[in-house]
Amino acid sequence: MSSAKVASIPARPAYHREVTGSAHTTALEPAGARAPLPEEALDALVTVLDEVRHGHSRSRSELAARTGLGRAIVAARVAELVERGLVVEADVGPSTGGRPPRQLAFRADAGHVLVADLGATSIDVAVTSLDGRILGHHDEPARIEAGPEACLDRVDQLFDAVLRTTQGVPGALWGIGIGVPGPVEFGTGRPTSPPIMPGWDGYPIRERFSERYAAPVWVDNDVNLLALGEWRSGVAAGHDNVVVIKVGTGIGAGIISGGRIHRGAQGSAGDVGHIQVADDPTIICRCGNIGCLEALAGGAALGRAGERAAREGRSARLRVALDQHATVTAEDVARAASFGDPLAVALLQEAGRFVGSMLASVVNFFNPSLVVVGGGVANAPDQFLAAIRETVYRRSLPLATRDLLIQRSSLGGLAGVIGASSMVADQLFSRSSIAHWITAGDPSGSPEVALASPTAGAR
Ligand SMILES: [Zn+2]
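Okay, the environment of A75 next. With respect to the helices and strands, A75 occurs in helix α5 (residues 71–83). Residue A75 is classed as partly exposed on the basis of its relative accessible area, which comes to 33%. Between the C-alpha atoms of A75 and A64, which are eleven residues apart in sequence, the distance is 9.1 Å.

Structure (structure tokens):
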């Protein structure tokens, strides 16, 4: 299947055409379309779908118990979702006597999602099912500073390639999710003054993709996507209050608050890299301030410190890295530390303490039950995470750390694309989006659905 085909033929799965005779259908509607649901029916439909989609409820009785909805309402909404092809009821193996047990399941293959996670130095693309399962994936080095036209042209090519090489991509294209390494105004999908993305400020990423693919498009920063990925499919599943910190070239945090991603009024929540952690006037950050966390503990800072040590003859292993490629990167420092190089270990521990002292303030302020540490530098040996833990527990208030867990990211390099797919699903199945597309049967061919999603147009 090529994406050109996806764009030109907004194919509906056959079940939409076959469905007839529903109590809600009237003779005046076009074939395939459904009657709009009354408001309260829509509320219950979204509640029931969320329960089934996230695997919290697998039967009508579980749904009734967990949602507080009456049994008759649950039964009606389940029937509606089955009829609309969003939920299936399947036998689940041998029963212990009597009728075989049947379980409700989200129909994750009703359509597919295309996602791209653009980093400072890489592009990751994937095609996924509607529950974030990766069906096809490709990653390659890229430079975000090449600008939006070059980078997004390449994403188009990679979308084509991944669709072509993936067997059995299900259904039509239901949505597109894009992650970028800088702040994004979520309502419009445009980067806002991104520091490491020259040429991207205000670029209409959503419009660019929705024109070609005729599908709803959402854009967010890479750290929020890391947080969503860990929350929906990774180590943060089941936690309602989580801070996910990404320590890569820069440093940022994604926040899950009260069971929702918290993006803030302008979408810049979690920009913790520019919190001041030292008052040394010689440490000047690229933002112009002094003593920022990122200027002391980010990947670029770690590489610079490693290079200085190599030049001054304080680390034989880093000297080898310097001689090999004329510079020292954060990855070189992490690798040297994993071989026990004392100077590299000391650099990582120092960076970990700076990250920990910032996190201690965040933990006191926000009281999460889990802190997840991800990003390139977080793949470093245990000393980095140990230094973070030690500092957070020493400097936070006892009540805030009593049940606090601090863990490494669990999804590795796939967290960004898994998170982007989760973002698309959460937006597609939000109440305001569903209200927009449920009558048509599915959201394929309806780019305007992105404008109906909850935080769109917040400004
Ligand atoms: Zn700064």
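Now, onward.
Aromatic ring pairs: the centre-centre distance and the angle between the two ring planes describe each pair. All told, the structure shown has eight aromatic pairs when counted by the stated rule. Seen in terms of ring centroids, W174 and F429 are 6.3 Å apart; in terms of plane orientation they differ by 50°. Their pairing is tilted. Here W174 is found in strand β6 (residues 172–180), whereas its partner F429 is found in the loop between α16 (415–428) and α17 (431–437), with 255 residues between them in sequence. For the pair shown, W174 and F429 are each scored as buried. Taken together, F106, W174, F429 and W437 form an aromatic cluster joined through their ring pairs.

Taken together, H274 (ND1), C285 (SG), C287 (SG) and C292 (SG) make up the protein donors of the zinc ion, found 2.0 to 2.3 Å from the metal. Taken together, the four donor atoms surrounding the zinc ion define angles of 103 to 122° at the centre, an arrangement classified as tetrahedral. Going along the chain, you hit the donors of the zinc ion in the pattern H-x10-C-x1-C-x4-C. With relative accessibility at 1%, the residue C292 sits in the buried group.

To continue, consider α5. Across its 13 residues, α5 extends 18 Å between first and last C-alpha, which sits within 8% of the 18 Å expected from 1.5 Å per residue. Of the residues making up α5, those classed as buried are V74, R77, V78, E80 and L81. Considered in projection along α5, the buried side chains sweep an arc of 160° and stay on one side of the axis. Residues of α5 that are exposed and point over 90 degrees away from its buried face: R71 and A72. Contact partners of the buried residues in α5: α3 (39–53), α4 (60–67), β1 (87–91) and β2 (102–106). Phi turns positive, to about 80°, at G85, one or two residues after α5.

With that settled, the discussion passes to the environment of N289. Residue position: N289 is located in the loop between β12 (260–261) and α9 (293–297). Take N289: its relative accessible area is 46%, and that puts it in the partly exposed class. Taking the C-alpha atoms as reference points, N289 and Q276, 13 residues apart in sequence, are found 8.4 Å from one another. Not counting chain neighbours up to four residues away, the residues in contact with N289 comprise I283 and I284.

Pairing within the open sheet is mixed, and its five strands lie in the order β12-β11-β10-β13-β14. Each of the sheet's edge strands pairs with one partner strand only, and the pair in question is β12 and β14 (405–408). Direction of pairing for strand β10 (residues 242–247) relative to strand β11 (residues 251–257): antiparallel, over a ladder of six bridges. If you follow K246 over to β11, its bridge partner there is G252. Together, β10, β11, β12 and β13 (370–374) form the strand contacts of helix α8 (residues 222–233), whose direction differs from that of β11 by roughly 45°. Seen against the sheet, helix α14 (residues 382–395) touches β10, β13 and β14 and runs at an angle of roughly 165° to β14.

This next bit is on the sheet that holds strand β4 (residues 122–128). Sheet architecture is open: five strands sit in the order β5-β4-β3-β6-β9, paired in mixed fashion. Each end of this open sheet is capped by a strand with a single partner; those strands are β5 (134–141) and β9 (217–221). Direction aside, the axes of adjacent strands within the sheet are offset by 15° on average. Strand direction decides the pairing type here: strand β3 (residues 111–118) and β4, joined by six bridges, are antiparallel. Each residue of the ladder has a partner; that of L118, found in β4, is I123. The sheet strands contacting α8 are β3, β6 and β9, and the helix crosses β9 at an angle near 100°.

Glancing now at the packing of helix α11 (residues 316–325) against helix α12 (residues 330–338). Geometrically, a packed helix pair is captured by the angle between its two axes and the distance between the axes. Remark: α11 packs on α12, axes separated minimally by 9 Å, with the N-to-C direction vectors making an angle of 145°. Both α11 and α12 take part in a crossing whose hand is right-handed. Across the interface between the two elements, R317, L318, A321 and H325 of α11 pack against D332, V333 and A336 of α12. Broken down by class, the residue content of the contact of α11 with α12 amounts to four nonpolar, one polar and two charged.

Calculation rules
- Residues numbered from 1 in each chain as written.
- Predicted model: local features only at pLDDT ≥ 70, side-chain atom pairs only at ≥ 80, totals over all residues.
- Heavy atoms only, no water.
- Helix = DSSP H or I, 4+ residues; strand = E, 2+ residues; numbered from the N terminus.
- Buried < 20%, exposed > 50% of the residue type's maximum accessible area, 1.4 Å probe, protein only.
- Phe/Tyr/Trp six-rings, centres within 6.5 Å; stacked < 30°, edge-to-face > 60°.
- Donors = N, O, S within 2.8 Å, 3.2 Å for Na, K, Ca; no water.
- Tetrahedral: all angles 85-135°; square planar, octahedral: opposite > 155°, others 65-115°.
- Expected span 1.5 Å × (residues − 1).
- Arc of directions from axis to C-beta.
- Contact = heavy atoms within 4.5 Å.
- Pairing = 2+ DSSP bridges.
- Axes fitted to C-alpha atoms, helices over the stretch in contact; angles between N-to-C directions.
- Left-handed = near helix turned anticlockwise from the far one by under 90°.
- Nonpolar A, V, L, I, M, F, W, Y, C, P; charged D, E, K, R; others polar.

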